[in-house]
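# Architecture and fold: a report
Here's the letter readout for the chains.
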Amino acid sequence: MDQYFAEEAILSMTSHLIFIVITWRVLLAVNFDAFFRKNKVFEARVLLIFITIALGTTVSNFFLDFIRWSNSLVYLF
């Protein structure tokens, strides 16, 4: 049983990191300069990091939930 929780933890952490990296790469392609004041580079980057973590974690949770749901379909039949 402990093996199952360890595998789930590794899968969750890996999924979160992968989707955070993907989200970061996607958000770097967007030009956010118009939304931030001049000389506020640090604040803009911190906000971009927070948005990246929020979006990446949300997408990762969706995919992890989808995997759990699909594994639970076995109990339907």
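Below you will find a few notes about this structure.

### Here we look at unusual backbone geometry
Glycine aside, a negative phi is what most residues show, and trans is what most peptide bonds show. Its identity is not glycine, yet Asn39 carries a phi of approximately 65°, on the positive side. Among the structural elements, Asn39 can be located in the loop between helix 1 (2-28) and helix 2 (41-72).

### Describing the side chain of Thr52
Summarising the element assignment, Thr52 is placed in helix 2. Among residues more than four places away in sequence, those in contact with Thr52 are Ile20, Thr23, Trp24 and Leu27.

### Some details on helix 2
The end-to-end C-alpha distance of helix 2, which contains 32 residues, comes to 46 Å, matching closely the 46 Å that a straight helix rising 1.5 Å per residue would cover. Within the sequence span of helix 2, burial applies to Ala44, Leu48, Thr52, Gly56, Ser60 and Leu64. Summarising the contacts, the buried residues of helix 2 are in contact with helix 1.

Reading the values: the criteria
Residues numbered from 1 in each chain as written. Predicted model: local features only at pLDDT ≥ 70, side-chain atom pairs only at ≥ 80, totals over all residues. Heavy atoms only, no water. Helix = DSSP H or I, 4+ residues; strand = E, 2+ residues; numbered from the N terminus. Contact = heavy atoms within 4.5 Å. Expected span 1.5 Å × (residues − 1). Buried < 20%, exposed > 50% of the residue type's maximum accessible area, 1.4 Å probe, protein only.

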